[in-house]
Amino acid sequence: MSVGRLLGVGTGLLTLTLLAGCATDPGSQPLDLAGGVPVGAVLALTGNANVYGQDQKIGLELALQHRNGAGGINGNPLKLALEDSGSDEPGANAAFTLQINRGVLALVGPTLSQQAFSADPIAQRRGVPVVAPSNTATGIPEIGFFISRVSAQSSVIAPLAIDRALSIQPGLKRAAVFYAQDDAYSTAETTIFQTALKQKGLDPVTVQRTQLNDQDFQNQISAALREKPDLIVLSLQAVDGGNLIRQLRELGYKGLIVAGNGMNTPNIYPICQKYCDGLLIAQAYSPELDTPANTAFLKAFQAAKGGAIPPQLTAQAYTALQVIGEALVRLDKRQPLKGATLADARKALMEEILAGTYATPLGEIRFTPEGEVVQSQFFVAQVRMDPGGRSGRFALLK
């Protein structure tokens, strides 16, 4: 059994439940459409990754509202059950298992690549489609047929920020690298960053290893600054990365800083504050993208958030649920969901997801047969902090 409450989200239907118990696999049973077409999401709403999960939750709410406002799944509302995974692998495993036992057709999540490597194999074994909104580490879609992502992998995006740093300061010669050695995303991304640096003739002068829960980086920073770097490259998450940037500047570093996707959220502003200014981050989303899909998303987000600019993580979560919703509409028209077994409907849905092309806030996307997203437009932004140092924006560089 689970304990839940219904959250009103416009014309959406979003249930937030608490983990409690589990049931047997319902895959052989008829798909239960009572109350709507069931899909699930697993996000990090607590723990050190909650800064990402909160951004993603907004995206899901807006996508649900949009889909149900457009008629749901051919007249049947899309019903979304949301689970908090916390920020670790056991939490993701438990949340995936609960959602699958509940009988959802597909899952959005989890938030972290580290969680995905643990939880996605559960969905793969049980034949449940997963659309990952923010897992950028190498190897995620390769987990299996039922695993896909709308978040472009780090190998596509990360090198763009290095290129932009070199265009801003062509004489860069000494790069220092920091990464969290206990995080799958960070360890995968730093390998990509280091390869890109070497290809540009910038062999790292030092590589400093940290832990996700570290708060004091003085030893690693002091060791790095002794090498007199003129570029620092970070593969960290928002909290540890924000703290490290603040300490870097406080200890006297004045050069360029490039950060990876883990810091691609406005939630870094309260952490590094004025010291966030100037940070370079490659982007898979631009609020300035002039397409009908992005215009509608931007309008909905600003109406919900008082005119704020949507972050990439929100746009990607919106896109993940959009993909599932559109695939369900097509599938139900060709092969009605009513009367199908859950297992058959899940398999058919995965095939439909992979076959589609989608006009999303990220631009037009599609998938390879392996579930890797194909996206053509990427950007680089530089953080510009407001004078008070408490808020800012990701300013796209032309």
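Located above this text is the structure these notes cover.
Below or above, wherever it landed, is the structure these notes cover. Remember, it's a predicted structure, so these values are computed and weren't measured experimentally. (Residues numbered from 1 in each chain as written. Predicted model: local features only at pLDDT ≥ 70, side-chain atom pairs only at ≥ 80, totals over all residues. Heavy atoms only, no water.)

Thoughts on the overall build of the protein chain
Line of reasoning, step 1. Looking only at helices and strands, the protein chain features eleven helices and 17 strands.
Line of reasoning, step 2. Relative to its length of 398 residues, the protein chain is compact, with a C-alpha radius of gyration of 21 Å against a globular reference of 21 Å.
Line of reasoning, step 3. Considering only C-alpha atoms, the protein chain reaches an extent of 65 × 40 × 35 Å along its principal axes.
Line of reasoning, step 4. Expressed as a percentage of its 398 residues, the buried residues of the protein chain come to 58%.
Line of reasoning, step 5. Considering only contacts in the protein chain between residues 6 or more positions apart, those separated by 24 or more positions represent 70%.
Line of reasoning, step 6. Accessible surface, the protein chain: about 15,300 Å² in total, of which carbon and sulfur atoms supply 52%.
Line of reasoning, step 7. Averaging the positions of the 33 positive and the 33 negative side-chain charges in the protein chain gives two centres separated by 4 Å. (Helix = DSSP H or I, 4+ residues; strand = E, 2+ residues; numbered from the N terminus. Rg over C-alpha atoms; globule rule 2.2 N^0.38 Å. Buried < 20%, exposed > 50% of the residue type's maximum accessible area, 1.4 Å probe, protein only. Contact = heavy atoms within 4.5 Å. Areas by Shrake-Rupley, 256 points an atom, 1.4 Å probe, with all protein chains shown as cover. Lys, Arg positive; Asp, Glu negative; His and termini not counted. Charge placed at Lys NZ, Arg CZ, Asp CG, Glu CD.)

Quick look at empty space enclosed by the protein
Line of reasoning, step 1. According to the stated counting rule, one finds two cavities of 30 Å³ or more in the structure shown.
Line of reasoning, step 2. Estimated volume of the largest cavity: approximately 130 Å³.
Line of reasoning, step 3. Together, Tyr52, Thr111, Leu112, Ser113, Ser134, Thr136, Asp183, Tyr185, Gln237, Asn261, Gly262 and Leu313 line the largest cavity.
Line of reasoning, step 4. Residues that form the lining of the largest cavity fall into these classes: four nonpolar, seven polar and one charged.
Line of reasoning, step 5. When its volume is computed, the second largest cavity comes out at roughly 70 Å³.
Line of reasoning, step 6. In terms of lining, the second largest cavity is formed by 14 residues, of which the most central are Ile157, Ala158, Glu189, Gly260 and Asn261.
Line of reasoning, step 7. When residues of the lining of the second largest cavity are traced back to their parent elements, those giving at least two are helix H4 (154-168), helix H5 (184-199) and strand E12 (280-283). (1 Å grid on protein atoms, 1.4 Å probe; cavity = no way out; pocket = protein on both sides within 12 Å on 5 of 7 lines; lining within 4 Å. Points joined across faces, edges and corners; volume = space filled by probe spheres on them. Nonpolar A, V, L, I, M, F, W, Y, C, P; charged D, E, K, R; others polar.)

Description of the nonpolar core
Line of reasoning, step 1. Counting 73 residues, the largest nonpolar core has Leu60, Leu105, Leu231, Val258, Leu321, Leu328 and Ile353 as its most contacted members.
Line of reasoning, step 2. The element best represented in this core is helix H10 (residues 312-334), accounting for eleven residues.
Line of reasoning, step 3. Look past the residues within four positions of Ile353 in its chain and what remains in contact with it is Pro129, Val131, Ser148, Val323, Ile324, Ala327, Tyr358 and Phe367.
Line of reasoning, step 4. In this structure, Ala176, Leu244, Ile245 and Leu279 belong to the second largest nonpolar core, which totals 35 residues. (Core = buried A, V, L, I, M, F, W, Y, C linked by side-chain atoms within 4.5 Å.)

Overview of the packing of H10 against helix H11 (residues 342-355)
How two helices pack is summed up by the angle between their axes together with the distance between the axes.
Line of reasoning, step 1. Their axes nearest at 9 Å, the elements H10 and H11 cross at an angle of 115 degrees. It follows from the interaxial angle that H10 and H11 lie roughly perpendicular. For H10 against H11, the interelement crossing comes out right-handed. Listed contacts from H11 to Val323, Ile324, Ala327, Leu328, Arg330, Leu331 and Arg334 of H10 are Ala345, Ala348, Leu349, Glu352 and Ile353.
Line of reasoning, step 2. The residue inventory of the contact of H10 with H11, partitioned by class, reads nine nonpolar, no polar and three charged. (Axes fitted to C-alpha atoms, helices over the stretch in contact; angles between N-to-C directions. Parallel < 35°, antiparallel > 145°, perpendicular 65-115°, else oblique. Left-handed = near helix turned anticlockwise from the far one by under 90°.)

Here we look at helix H9 (residues 292-304)
Line of reasoning, step 1. Its 13 residues give H9 an end-to-end C-alpha distance of 18 Å, which sits within 8% of 18 Å, the value for a rise of 1.5 Å per residue.
Line of reasoning, step 2. Residues Asn294, Phe297, Leu298 and Phe301 constitute the buried set of H9. The arc that holds the buried residues of H9, viewed along the axis, is 100 degrees, so those residues lie on one side. Exposed side chains of H9 directed beyond 90 degrees from the buried face belong to Pro292, Lys299 and Ala303. (Expected span 1.5 Å × (residues − 1). Arc of directions from axis to C-beta.)

With respect to the pattern of salt bridges
When the charged atoms of two side chains lie near each other, side chains of opposite charge can form a pair.
Line of reasoning, step 1. For the coordinates displayed, the defined rule picks out ten salt bridges.
Line of reasoning, step 2. With a closest N to O distance of 2.9 Å, Glu83 and Arg102 form a salt bridge. In this pair, Glu83 sits in strand E4 (residues 78-84) while Arg102 sits in helix H2 (residues 89-102), placing the two residues 19 residues apart along the sequence.
Line of reasoning, step 3. A relative accessible area of 0% places Glu83 in the buried class.
Line of reasoning, step 4. The class of Arg102 is partly exposed, set by a relative accessible area of 31%.
Line of reasoning, step 5. The salt bridge partner of Glu372 is Arg149, with a shortest N-O separation of 2.8 Å. Taken together, the residues Glu372 in the loop between strand E14 (363-367) and strand E15 (373-375) and Arg149 in strand E7 (residues 147-149) connect sequence positions 223 residues apart. Of the two residues examined, Glu372 and Arg149, each falls in the buried class.
Line of reasoning, step 6. Within the structure, one salt-bridge network assembled from shared partners comprises Arg330, Arg334 and Glu352. (Salt bridge = Lys/Arg side-chain N within 4 Å of Asp/Glu carboxyl O.)

Quick look at the state of the cysteines
Line of reasoning, step 1. Under the criterion given, the structure shown has one disulfide.
Line of reasoning, step 2. A disulfide bridge connects Cys272 with Cys276, and the sulfur atoms are separated by 1.9 Å. Looking along the S-S bond of the Cys272-Cys276 disulfide, the torsion reads about 100 degrees, which is the right-handed sense. Of the two residues, Cys272 and Cys276, both sit in the buried class. (Disulfide = S-S within 2.5 Å.)

As for the sheet that holds strand E11 (residues 256-259)
Line of reasoning, step 1. With respect to topology, seven strands assemble into an open sheet ordered E9-E8-E10-E11-E12-E16-E17, the strand pairing being mixed. The open sheet is flanked by strand E9 (206-210) and strand E17 (392-396), the only strands paired with a single partner. Between one strand and the next, the sheet's axes are offset by a mean angle of 25 degrees, whatever the strand orientation.
Line of reasoning, step 2. Across the sheet, H5 is in contact with strand E8 (175-180), E9, strand E10 (231-235) and E11; its angle to E10 comes to roughly 150 degrees. (Pairing = 2+ DSSP bridges.)

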